[in-house]
Amino acid sequence: MHFSGLRVIREALTGHKGWKPLWRNPEPQPAYDYIIVGGGGHGLATAYYLAKTFGRARIAVLEKSWLGSGNIGRNTTIIRSNYLLPGNEPFYEFSMKLWEGLEQEFNFNAMVSQRGILNLCHTDAQRDAFRRRGNAMLLAGADAELLDREQVRAMAPFLNFDNARFPIKGGLLQRRAGTARHDGVAWGYARGADMRGVDLIQNCEVTGFRIDGGRISGVETTRGYIAAGKVGVAVAGSSSRVMAMAGMRLPIESHVLQAFVSEGLKPTIPGVITFGAGHFYVSQSDKGGLVFGGDIDGYNSYAQRGNLPVIEDVAEGGMALMPMIGRARLLRVWGGIMDMSMDGSPIIDRTPVEGLYLNAGWCYGGFKATPASGYAFAHLLATGRPHETAGAYRLDRFARGYVIDEKGVGAQPNLH
Amino acid sequence: MLIPHPLLGPRDAQEFTYLGDAALLNRPDGMAEGAEAAFAEYVYLRDNPAGVHRELWFHEQGDRSWLVVTRDTTTHEILGAELARDVKLKGGAA
Amino acid sequence: MTRLTGGLIDRARSLRFTFDGRTYSGHPGDTLASALLANDVRLMGRSFKYHRPRGVFSAGSEEPNALVELRSGARKEPNTRATVAELYDGLEAASQNHVGPLGFDLLAVNDLFSSFFAAGFYYKTFMWPRAFWEKLYEPAIRRAAGLGSLSMQPDPDAYDKGFLHCDLLVIGGGAAGLAAALTAGRAGARVILADEDFRLGGRLLAESHALDDAPATEWVARAEAELATLPNLRILRRTTVFGAFDHGVYGAVERVADHLPEPGRQVRQTLWRITARRAVLAAGAIERHIPFRNNDRPGIMLAGAMRAYANRWAVRPAKRVAIFTNNDDGHRTALDLAAKGVEVAAVIDSRPDARAQGQYRLVHGLVDNAKGRLGLRGVEIDSNGRKEWLDCGALGVAGGWNPNVHLASHHRGRPVWDEALQAFVPGEGGPCGLIIAGAAKGQGSTAAALRSGAEAAAEALAQLGIEARPADLPAAEDAPAGLRPLWHVPGKGRAWVDFQNDVTVKDIKLAHQENMRPVEHLKRWTTLGMATDQGKTANVTALAVMSELTGKPIPETGTTIFRPPYSGVSLSVLGGGDTGAHFRPRRLTPTHEWARAQGAVFIEVGPWMRAQYFPRPGETHWRQTVDREVLATRKGVGICDVTTLGKVDVQGADAGEFLDRIYANAMKSLKVGMVRYGLMLREDGTAWDDGTCARLAEDHYVVTTTTAQAGPVYRQMEFARQCLWPELDVQLISTTDAWAQIAVAGPNARRLLERIVDGFDLSNAAFPFMACAGLTVCGGLRARLFRISFSGELAYEIAVPARYGQALVERLMEQGADLGAIPYGTEALGVMRIEKGHAAGNELNGQTTAQMLGLGRMVSSKKDGIGAVMSRREGLAAETRVLVGLQPVDPAQPVLAGMHLFAEGAPHRTETDQGWITSACYSPHVGSSIGLGFLADGGARMGETVIAANPLQGQKVALRVVPPHFVDPEGGRLRD
């Protein structure tokens, strides 16, 4: 079924009787050519591009819970391509370009909203670093602007310029950045994949891999054994757990990141704003809630919830940056489990098990990467070669010394 | 969270800085043959269990001792805490 | 104004307040909602999506409809629930989310087109043409978005944070909570009793039941009086426990002054972090409604709320009311209202065998429609197919009660379905140490709640080894509710499930039709439960409707859990006082006051405030000042406070061995009385920090770190000492704050220092470059002297106990007047270190290696230093970018840090990028801008011209590659 404004009008006038299920609830087949483990954003996008762009068939996505229940269902919805390092920036810019045509591509309004991201700087050294980064972005074909204090004031007059512990000296602006409706992204990919014959199987948890002579032959699940030609794992947050079933240890720790939304308010915040002297970032959704976040709690966790100190710290950062939000109320806090990798950058690679592929280590940057991650993973699964923008995301980069460490903090996941 | 400091009793986790898996106690010998492979594993690979985890916390806003805390990563329940120094002298983290 | 008899209001006093500009009056004890109802105001707000007119629906914090902007100016507080806003004299409130007057909202046009706005409609349209989303569709959506508005001014009130500890935290001060508090309080346990209301009693205040044959309020008053006498018990009124966190930590907000016109000298709210060994959740239950067509008309409310308004606030919801029920609670409401003289038009009971319990008309049937857009005028009754319009101004709906499981599910423990109760009750996996009591676990009758509360407290204390007997309890009603489930009234038209977000039964049907059936899909597709009330009155009903559609029982359809906070918490109180200028602590150096007196301009350096430069009269631009400071230092002598550099004192027989392992280069071989430059690596082989290491004695070293890494380096050294090599005899202490350290640099530095040392030989032979010593200065002051140089000049750093730092600087300035002594700040310090080619934070950014810094040979392979092994990895060895100096071919051209470097003639793209400029400044010594940067194969390209590109600011500059030392490359000056 094609979605359009006309369709919405026609259905409205005829009692909405014509709407069809967004996807089927198929029973698992005994065998597939491709099994994607994980029905989150990256898994669904992978299945979508595998079917649509790479023309593959006999594909299943296995999801232990409901579609989109991973971190695509619990994030702060920011999309951007404002990275520094050459291993990252072209990939994220590729992702940004996919975002820009995504809704027309999969015929679903995921509310991709390019209202910009403004990173504030508070010291000269930070401004120098922004200049280096902004230039790196431009060199990779992205957009970037370096703003001075007065330009920042013109964009966001409500920021704390006068009574701040750390003065605002300027900012790095990416106008093409913004937000997208996170669930809509998952649903758009799911629906698009389903329309192309992909079996989306919910409530089907993978409980083991069947490996014969170093080659994958299928997966054990709570709904029985399913044979597979190739298996791609995209289960950020649980990557270590799942890959341990294939005998692998990963350069990843699982950490909880809390995210926050306020009660609905009349819109006042133009795009995404990030505070450079504390860890705080905020945008305002199309429903009016302030959506914000800060640091991870900092200890290994699979509990999908965090603690008060970080909640307070985030609020302190928010109040320090924009004291006019004080009378607004926090509506909801939730926690997502992040694959925090050892250099802060992801992994899209084959594994030592032939036919088993891994997409992991997204830290808290996985949402913005969804389109490119799916595309690049599909590329790898279909062709056996890494996508040109994802060539640096190899598993062996740690042992070989080709890490991609944007923050320069080394092999300590909770600092990335 | 509250961390049961073996010397000081329960202390707020906010007084501590977290490092990670207590396997970091087991630093390979840098002068040994094949040290590079051993270090690559030591520096980068983690068990990252969902369940009981032995991990290092530094009492930075306190007595500056490093602790090995045993904690369940699925419930955050803390099962014990020892001085890292004692653990290391007894042969390191298992 | 119409008031009934009785109630817990102080009729002796009147409070004036305004709503939408009109003045009304109420009494102490009122909420804004009760006072508005007493003034016959029924229309209080608008819904989110369709802008439907709405009135008050509940009498508590679950309120979805009656949200207002409270107060005005900078104190304006959007989305405030009128049902919990305590009335005070002069209260101002305004309705929100409408264009035009509340009674004639232009955006109510949305309601006419509601069919087009069915669940998920926006995912299906607004896609063409692409550019229209940001330009047209989204701006239109955002204009309609949100509820209340921010004042856009900083919050003028003060907030506080506090910590509390107790044996038992009792959450909720109703029947169960009071019984728990009495039980635990009498047993001598340390107890905190917290209730969100301004009055203890919970539902006891809203009901007409007797306790021991007296009004319940009398028992509440006695209990309260007794609790007040217990020194081991603390009552927190107006305090919402909003979250359950790990290890018995609960977050709570006390609204200290929200019931006052202004906080005055008090804080407005306090954030309590309560650490409780055990807790009893006695948060009661929330009544559910029964969706039917147009069930959102102002005047339709929960039956329990109707009783609360009548009994507690002496307010009648209307002259003539009707009740719609599926259990005995509806009849109780009718009796209470009738007893207060309110006309009960009928009780419509869905149970065919229900019997009237008093003198009122009972109809066996359903309510299937309502009329009265701005205020209910009547309901349509369907009694076995016989339809009838019944005139009434209010309808109470009693659909049963949902235990308030909110906090019990904060650790993601899922509630379980109780078939007998037809409700979810807390299940396994709740917060450790939390015991549920009373209506929150389905013990809803007054007697059961009292009993359950007392037992829960006794159980909790028993777990702590404190003996407690359940409190003796008054006799109370113990009637079963007699509920027969009725989840919604079938029929045409829209029947609201979630009021605030306008989610109707039809929307749930559509979600089912479109296969958005898992409960999380249902919520996200329809926005059910996403409003300010988190679906407290909607979620379970929606699940039941979905269960009906799928044909699966409710527990198989799903459960829903809640996230903190229980109800909205202001961001101000979460931030506490730690905002604005107090966001982070501010560290001051020992010479701060002196520098301020000299007119220094300060700059933030991490937590520190450092003197950036010292302008003199007549200097109009910072560059003038900095150039002067640099030149004067290089010509005479400059003085700079470098206390912020980290200092670690290392002592013990194995100190040298320990430092050999900490540093990339050797330290054990350092001679006593000498200093060595040291480079530390991270274990991953990356350059991490640099500084000096001075050996004061065989077993005593002093290590300095950069300002930024002082904490992390110390932490790492303790890690190495305790976790890696506890067998070494070595002790560490950070002495950053103990010593004031002052750099004295320039050709006159020795002459100046000679005037303050106590008979110490500073000659080059006796105290050469890189020497160090302990000595006394200024006639007996303990000091340490290091002959080290960051500026490239003859230089020393002298350390004295921190409290003498300012006196030392004053003495140096006084003694150096004829030597041209001047103070210099971080800016001149930076210029001189760039001129000398020393690496600093911009070069040591955690992404560079010793090899890149030109220090590759310092990494010893003869010992097991941290990071040495990993620094030899293929990827690090293959890196060709090294630190070089860069000078513009045309001296007038700028050099800026962050420019990227390219070969001449090469295109400017990621693939051709050859490096970047790390640091740059104007060099008064060179007479142009200069820079340091990392350049591919830089060592082999001396004299070559490269292009520095800054497309961000439209600049492109030709630079000559030079060695990184612009001043005295041979180092003669510092050795003189």
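Residues numbered from 1 in each chain as written. Chains lettered and ligands numbered in written order. Predicted model: local features only at pLDDT ≥ 70, side-chain atom pairs only at ≥ 80, totals over all residues. Heavy atoms only, no water.

Glancing now at the overall build of chain A. Per the secondary structure count, chain A includes 10 helices and 18 strands. Its C-alpha atoms give chain A a radius of gyration of 21 Å, within 12% of the compact-globule value 22 Å for 416 residues. Per-residue burial over chain A gives 71% buried out of 416 residues. Counting every atom, chain A has about 11700 Å² of accessible surface; 52% of that belongs to carbon and sulfur. For chain A, the centre of its 45 positive side-chain charges and the centre of its 38 negative side-chain charges are spaced 4 Å apart. (Helix = DSSP H or I, 4+ residues; strand = E, 2+ residues; numbered from the N terminus. Rg over C-alpha atoms; globule rule 2.2 N^0.38 Å. Buried < 20%, exposed > 50% of the residue type's maximum accessible area, 1.4 Å probe, protein only. Areas by Shrake-Rupley, 256 points an atom, 1.4 Å probe, with all protein chains shown as cover. Lys, Arg positive; Asp, Glu negative; His and termini not counted. Charge placed at Lys NZ, Arg CZ, Asp CG, Glu CD.)

A separate point is the interface of chain B and chain C. Each side of the interface is counted separately: chain B has 34 residues, and chain C has 31 residues. Between chain B and chain C, the buried area comes to about 2600 Å², and carbon and sulfur atoms account for 57% of it. Applying the counting criterion to the chain B and chain C interface returns 4 salt bridges. Where aspartate 864 of chain C meets arginine 27 of chain B, a salt bridge forms, and the shortest distance between an N and an O atom there is 3.1 Å. Where chain B packs against chain C, one counts 15 residue pairs in polar contact (both at pLDDT 80 or more). Mapped by element, the contributors of at least two residues to the side of chain B that touches chain C are β3 (17–21), α1 (35–44), β4 (52–58) and α2 (84–89) of chain B. For the side of chain B that touches chain C, the element with the highest residue contribution is α1 of chain B, accounting for 7 residues. By residue class, the composition of the side of chain B that touches chain C is 19 nonpolar, 6 polar and 9 charged. (Contact = heavy atoms within 4.5 Å. Buried area = accessible area lost by both parts, 1.4 Å probe. Salt bridge = Lys/Arg side-chain N within 4 Å of Asp/Glu carboxyl O. Polar contact = N/O pair within 3.5 Å; in protein donor to acceptor, adjacent residues only side chain to side chain. Nonpolar A, V, L, I, M, F, W, Y, C, P; charged D, E, K, R; others polar.)

Taken together, the side chains of Lys17 of chain A together with Arg293, Lys492, Lys506 and Lys509 of chain C present a region of like positive charge at the surface. Within the secondary structure, lysine 492 of chain C is located in the loop between α8 (446–463) and β29 (496–498). (Patch = residues over 30% accessible without salt bridge, like charges linked within 9 Å, V, L, I, M, F, W, Y side chains within 5 Å.)

Moving on: the domain arrangement of chain A. Residue and element names in this part refer to chain A. Split by domain assignment, chain A resolves into domain 1 (5–77 + 182–248 + 343–415) and domain 2 (112–178 + 253–341). Averaged C-alpha coordinates put domain 1 and domain 2 at centres separated by 28 Å. The interface of domain 1 with domain 2 comprises 21 residues on the first partner and 23 residues on the second. Together, Thr76, Tyr364 and Pro413 form the three largest contributors to the area buried by domain 1 at its contact with domain 2, with a combined 35%. Put simply, domain 1 and domain 2 have 0 salt bridges between them. Taken together, domain 1 and domain 2 are joined by 10 residue pairs in polar contact (both at pLDDT 80 or more). Among the elements that make up the side of domain 1 that touches domain 2, the one with the highest residue count is helix α7 (residues 239–244) (3 residues). Per-class residue counts for the side of domain 1 that touches domain 2 are 6 nonpolar, 12 polar and 3 charged. (Domains from an automatic or database assignment.)

Another point: the confidence of the model for chain C. Do not read the predicted coordinates in detail wherever pLDDT is low. For chain C, the average pLDDT comes to 96, and 100% of its residues sit at 70 or higher. For this predicted complex, the interface score ipTM comes out at 0.99, while the overall pTM is 0.97. (pLDDT = per-residue confidence, 0-100.)

The next subject is a nonpolar patch on the surface. Residue and element names in this part refer to chain A. There is a patch of nonpolar side chains on the surface, built from Leu6, Ile9 and Leu13 and spanning about 340 Å² of accessible area. Position of leucine 6 relative to the elements: it lies in helix α1 (residues 5–13). Given the relative accessible area of 68%, leucine 6 is considered exposed.

A word on the interface of chain C and chain A. On the side of chain A, 124 residues touch chain C, which itself brings 121 residues to the contact. Both faces considered, chain C and chain A share a buried interface measuring about 10300 Å² in area, 56% of it formed by carbon and sulfur atoms. If you sort the residues of chain C by the area they bury against chain A, Arg142, Leu571 and Leu952 of chain C come out on top, with a joint share of 8%. The interface formed by chain C and chain A includes 13 salt bridges. Across the pair arginine 305 of chain A and aspartate 246 of chain C runs a salt bridge, and its minimum N-O distance is 2.7 Å. Its residues assigned to classes, the side of chain C that touches chain A comprises 52 nonpolar, 39 polar and 30 charged. Looking at chain direction, strand β16 (residues 329–341) of chain A and strand β31 (residues 569–570) of chain C are connected through 2 bridges and run antiparallel. By the bridge assignment for β31 of chain C, arginine 329 of chain A is matched with serine 570 of chain C. (Pairing = 2+ DSSP bridges.)

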